[in-house]
Amino acid sequence: MDIGKKKKILVAVTGASAMLYLQSFLELLEGEDVIVHGICSEAGEKVLELEHHCLSRQLPGVSKWFDSRDFAAPPASGSAGYDAMVVIPCSMGTLASIASGITSNLIHRAADVMLKETKKLILVVRETPLNRTHLKNMLAAHDAGAVICPPHPGLYLKPKSLEEAAQTFSWRLGDQLGLTMAGRKRWGDDK
Ligand SMILES: Cc1cc2nc3c(=O)[nH]c(=O)nc-3n(C[C@H](O)[C@H](O)[C@H](O)COP(=O)(O)O)c2cc1C
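Since the structure is predicted, the reported quantities are computational estimates derived from the model, not experimental observations.

(A) Spatial organisation of the nonpolar core. One finds Val11, Met85, Val86, Val87, Ile88, Ala110 and Leu123 to be the most contacted residues of the largest nonpolar core, which totals 50 residues. Among the elements that take part in this core, helix α1 (residues 19–30) stands out by supplying 7 residues, more than any other. If near-sequence neighbours (up to four positions away) are discounted, Leu123 is found in contact with Val87, Cys90, Leu95, Ile98, Ala141, Ala146, Val147, Ile148 and Cys149.

(B) Here's a closer look at unusual backbone geometry. Put simply, Ile88 and Pro89 share a cis peptide bond, and its omega is -10°. Take Pro89: it is sitting in strand β4 (residues 84–90). A cis amide bond, omega -10°, links Thr128 with the succeeding residue Pro129. Position of Pro129 among the secondary structure elements: in the loop between β5 (120–125) and α5 (132–144). In this structure, Thr118 takes a positive phi of about 50° despite not being glycine. Take Thr118: it is sitting in the loop between α4 (106–116) and β5. Of note in the backbone geometry, Met181 takes a positive phi value of approximately 55° without being a glycine. Position of Met181 relative to the elements: it lies in the segment after α6 (162–177).

(C) A look at the pairing of β5. With 5 of 6 residues buried, β5 is to be regarded as a mostly interior element. Where β4 and β5 come together, 5 bridges link them in parallel fashion. Residue pairing across strands places Val86 opposite Ile122, the latter belonging to β5. Bridge analysis of β5 against strand β6 (residues 147–148) gives 2 bridges, and the strand direction is parallel. Along β6, the bridge assignment pairs Ile122 with Val147. Read as a crossover between parallel neighbours, the route from β5 over α5 to β6 is right-handed.

The rules behind each value
Residues numbered from 1 in each chain as written. Predicted model: local features only at pLDDT ≥ 70, side-chain atom pairs only at ≥ 80, totals over all residues. Core = buried A, V, L, I, M, F, W, Y, C linked by C-beta atoms within 7 Å. Buried ≥ 20, exposed ≤ 12 C-beta atoms within 10 Å, placed from the backbone. Helix = DSSP H or I, 4+ residues; strand = E, 2+ residues; numbered from the N terminus. Contact = placed C-beta atoms within 7 Å. Pairing = 2+ DSSP bridges. Right-handed = clockwise from strand over helix to strand, strands pointing away.

Next up, the structure:
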């Protein structure tokens, strides 16, 4: 039994848009009693810089970052014991690798490990519009055990800013991970 054990969450950043959602999710994790480790792809670093004006190491809430080229890092093995992995944002390239089991960087390998260990793998897939290959890859990843979770805000909670919109989506991820989330708003709370 794992009573009292802190959840270990692996966050992987890839080169898709929507880095604001990543920032919001990491801020949420910072307020929870969890261990958070990170991996950022080379394209992820580039998009973080272009869109969000920062480096992965400057993001909040992550206690350890691993190099995406380091196949000897702990996330490459099931024995590292991560409870969940969230790829946020998840590019179509990384989705394709995960869907087909091609493990050419540590993010793909770690996702492959989560699936083989039947642990939670959440893919915050971001592209629009979606072509047939994207859709087929999402179905393949879903059928292999991943949760496909596009970054759609809960507009029914009436967010007043982009940051608040991103927070409504972070709450959705928190629900998936079984987090407590003080202040989490839900539909019907005001009724
Ligand atoms: C500013 C910028 C935004 C991008 N947005 C997306 C996106 O939303 N979705 C996507 O699949 N690729 C997007 N790309 C392309 C990916 O970065 C590219 O396919 C890359 O090879 C993905 O590599 P990775 O999956 O290893 O991070 C974007 C690239 C740039 C420069």
